[in-house]
Amino acid sequence: MADELDGHHTMRLEAGVALINALTGNHVHGRPKPALGGRDLVRAAAEAVGDTGNGRVDLSGAERLRNLASRLREIIESLSRREHDEAAGLLNRLLADSRARPSLHRHGDQTWHLHFHGPEADLVQQWTAGLAVSVAAAFGEQIPHRVGLCAAPRCDQVYIDASQARIKRFCGLACQNRVKAAAYRARRSGA
Ligand SMILES: [Zn+2]
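Residues numbered from 1 in each chain as written. Predicted model: local features only at pLDDT ≥ 70, side-chain atom pairs only at ≥ 80, totals over all residues. Heavy atoms only, no water.

Participant: What should I look at first to understand the side chain of H117 in this one?
Facilitator: Considering the arrangement of structural elements, one finds H117 in the loop between β4 (113-115) and α5 (123-139). Only 3.1 Å separates the side chain of H117 from the side chain of H115, close enough to count as a polar contact. (Helix = DSSP H or I, 4+ residues; strand = E, 2+ residues; numbered from the N terminus. Polar contact = N/O pair within 3.5 Å; in protein donor to acceptor, adjacent residues only side chain to side chain.)

So, in structure tokens, the structure goes:
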């Protein structure tokens, strides 16, 4: 049961990280990142939440998802500055606005399972409630995952750290190698 709950949180966190990286941030791997609009915004938002080609995400839905992604980014940025009280306040406000509430759902002949939104919630409300709960579960250490902000210069991608020691610092190898190369050049010019 606990494992299954972890699995759902992990899946949602992965989608949340995809959403934040796709729709927000000014730099990626050292390069400026253009802001998305129109059809590009809709496509990126739909892809991040796994709605490929279903057409359930329209422009207003994509803009609401970008707003959600910005609020999540703000929370992760305060956490990375170790401003835990501020992060908790922002997260509590998001939980309240999302009207998250536990509720059992069953689709067709599936078994009953726990969701965090009511039956009337639209796609964006479903993601808002689910992500608020999963980010809160990660923050409260109910699940062994941490969401972090890339420590490399000119990159504001976020990542999931599932390592036990919680040592991940970069969004990926591109940024890790970039920082290593810069340190090497600095040492060489200093020598
Ligand atoms: Zn990075």
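Participant: Sorry, what's going on with the environment of R99 here?
Facilitator: Structurally, R99 is set in the loop between α4 (84-98) and β3 (103-105). Overall, the relative accessible area of 65% leaves R99 in the exposed class. Separated by 47 residues in the primary sequence, R99 and R146 place their C-alpha atoms 24 Å from one another. (Buried < 20%, exposed > 50% of the residue type's maximum accessible area, 1.4 Å probe, protein only.)

Participant: Is there a simple way to explain helix α2 (residues 38-48) in this structure?
Facilitator: Residues of α2 that are buried include every one of L41, V42, A44, A45, A46 and A48, and no others. Residue G50 follows α2 closely and has a positive phi angle near 75 degrees.

Participant: What exactly am I supposed to notice about the coordination of the zinc ion here?
Facilitator: In an ideal octahedron of six donors the angles at the metal are 90 or 180 degrees, and in an ideal tetrahedron of four donors they are 109.5 degrees. Protein coordination at the zinc ion: the donors are C150 (SG), C155 (SG), C171 (SG) and C175 (SG), at 2.3 to 2.4 Å from the metal. For the zinc ion, the 4 donor atoms in the first shell make angles of 105 to 113 degrees at the metal, so the coordination geometry reads as tetrahedral. Donor residues for the zinc ion sit on one chain with the sequence pattern C-x4-C-x15-C-x3-C. Pair noted here: C150 is in the loop between β5 (146-149) and β6 (158-161) and C171 is in the loop between β6 and α6 (173-190), with a separation of 21 residues, a long-range link. You'll find C150 and C171 in the same group, each marked buried. (Donors = N, O, S within 2.8 Å, 3.2 Å for Na, K, Ca; no water. Tetrahedral: all angles 85-135°; square planar, octahedral: opposite > 155°, others 65-115°.)

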